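Reading the structure
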Amino acid sequence: MVERPLVIARTGDVENAPENTLPAFESAIARGADGVELDVHLTADKELVVHHFYSLGASDDGEGLVCEHTLAELKALDSGGWFDERFAGEPKPTLAEVLKPCQGKARLEVHLHDPSIGFLRQVIDEIERFDLGGTTELTTAHYPLLHHVKKLNPELRTGTFFHEPPEWMPIRLARRHIVDWADLLGLDVVHLDLALITTDFVEELHHRRYVVHGANLDATEEIGRGLEMGVDQFSTGRLRAALQLRDELTTRRARDSTHVSES
């Protein structure tokens, strides 16, 4: 069991700043997040921009698809006013603008939204330019990309997400499929919905040398359960609570370990 699970701020510190913006990432780092998760897209003019969904409008005043707009057009959108007037006019950052403040301060989980090899090469080139290969994980639902990551840079870690199975599928079958998929895809990190996480399954994945990531643990009960089950890291939209719960658990484990060694 990992001694101190890593806390990953999903799209930054979204309790205090708008998601996927520089203020959100800078706040996450300042508040002690071990890493940040972000989403990257390819623009119409082949630039790398950080934004959550494929479409615009949920966290800005834009319309249409991200990939149909130039970087200048996307930068001109208000990506912060929806959160608070203090962030009105906040632009979307480029990948490079997010990588720079993370150097030496936070790990990265970069979620890839474009399925092309050219896009993957651009992303990896930027990561290498900032010398962040050893602290970056690439995730995507475009599974074929994962096979190419190690060819382009063996130092990078890869992962993908496994969600709660449909009603007809027993959990035990879902877990068999997860192990097989992780092997087929050559993953380093297995991202699990809380419904899939048990101590036994975490131990099995550890035995197979996978890093276990608890996905989207936000409620106090979810964070607590993930920590007790032995996840190596987890993503959250409640950074303050997550750090507090993680540190309380770490302190308790250290105290219990000391008592055992003294007895």
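It should be emphasised that the depicted structure is a prediction, and the values quoted were computed from it without experimental measurement.

On to the side chain of threonine 158, then. With respect to the secondary-structure elements, threonine 158 resides in strand β6 (residues 157-162). Setting aside its immediate chain neighbours within four residues, threonine 158 contacts Glu137, Leu138, Leu146, Val149, Lys150, Gly186, Leu187, Asp188 and Val189.

Right, let's get into the pattern of salt bridges. Across all of its chains, the model carries 12 salt bridges by this definition. One salt bridge in this structure joins aspartate 34 and arginine 246, with 2.9 Å as the shortest N-O distance. Here aspartate 34, found in the loop between α1 (22-30) and β2 (35-42), pairs with arginine 246, found in helix α9 (residues 239-262); they are 212 residues apart in sequence, far enough to count as distant. Exposure class is identical for aspartate 34 and arginine 246. Each is buried.

Right, let's talk about the packing of aromatic side chains for a bit. Here the structure, examined in full by the defined rule, presents three aromatic pairs. Between the aromatic rings of tryptophan 82 and phenylalanine 83, the centroid separation amounts to 5.7 Å while the plane-to-plane angle is 85 degrees, which identifies the pairing as edge-to-face. Aromatic pair phenylalanine 83 and phenylalanine 87: ring centres 5.8 Å apart, planes at 70 degrees, arrangement edge-to-face. Its relative accessible area of 11% is what places phenylalanine 87 among the buried residues.

This part takes up helix α3 (residues 95-102). Every buried residue of α3 is listed here: Leu95, Ala96, Val98, Leu99 and Cys102. Around the axis of α3, the buried residues are gathered within 160 degrees of arc, so they sit on the same side. Packed against the buried residues of α3 are α1, β2, β3 (48-50), β4 (107-112) and α4 (117-129). Backbone geometry just after α3 places glycine 104 at a positive phi near 70 degrees.

At a minimum axis separation of 10 Å, α3 and α4 run at an interaxial angle of 30 degrees. With respect to their mutual orientation, α3 and α4 come out roughly parallel. Both α3 and α4 take part in a crossing whose hand is right-handed. In this structure, α3 uses Leu95, Ala96 and Leu99 to contact α4, whose residues at the interface are Val123, Glu126, Ile127 and Arg129. When grouped by side-chain class, the residues that make up the contact of α3 with α4 number five nonpolar, no polar and two charged.

Our next topic: the environment of alanine 174. Structurally, the position occupied by alanine 174 is in helix α6 (residues 171-185). For the pair alanine 174 and phenylalanine 162, spaced 12 residues apart in the sequence, the C-alpha separation amounts to 8.9 Å. For alanine 174, the residues in contact, after removing those within four places along its chain, are Pro165, Met169 and Leu196.

Grouped together as the largest cluster of nonpolar side chains are 60 residues, with contacts concentrated most on Leu38, Leu112, Val123, Leu138 and Leu192. Leave out the neighbours within four places in its chain, and leucine 112 touches Val40, Phe119, Leu120, Val123, Leu138, Thr139, Thr140, His142 and Leu145. Core analysis: the next-biggest nonpolar cluster, separate from the first, contains six residues, Leu56, Val66, Leu74 and Leu77 among them.

Residues other than glycine seldom take positive phi values, yet lysine 46 does so here, at roughly 65 degrees. Its place among the elements puts lysine 46 in the loop between β2 and β3. Lysine 46 sits in the exposed class, given a relative accessible area of 54%. Despite not being glycine, arginine 209 shows a phi value in the positive range, around 70 degrees. Along the chain, arginine 209 falls in the loop between α7 (199-207) and β8 (211-214). The exposure class assigned to arginine 209 is exposed, which follows from its relative accessible area of 75%.

Basis of the calculations
Residues numbered from 1 in each chain as written. Predicted model: local features only at pLDDT ≥ 70, side-chain atom pairs only at ≥ 80, totals over all residues. Heavy atoms only, no water. Helix = DSSP H or I, 4+ residues; strand = E, 2+ residues; numbered from the N terminus. Contact = heavy atoms within 4.5 Å. Salt bridge = Lys/Arg side-chain N within 4 Å of Asp/Glu carboxyl O. Buried < 20%, exposed > 50% of the residue type's maximum accessible area, 1.4 Å probe, protein only. Phe/Tyr/Trp six-rings, centres within 6.5 Å; stacked < 30°, edge-to-face > 60°. Arc of directions from axis to C-beta. Axes fitted to C-alpha atoms, helices over the stretch in contact; angles between N-to-C directions. Parallel < 35°, antiparallel > 145°, perpendicular 65-115°, else oblique. Left-handed = near helix turned anticlockwise from the far one by under 90°. Nonpolar A, V, L, I, M, F, W, Y, C, P; charged D, E, K, R; others polar. Core = buried A, V, L, I, M, F, W, Y, C linked by side-chain atoms within 4.5 Å.

Worth remembering: the numbers are spatial, not functional.
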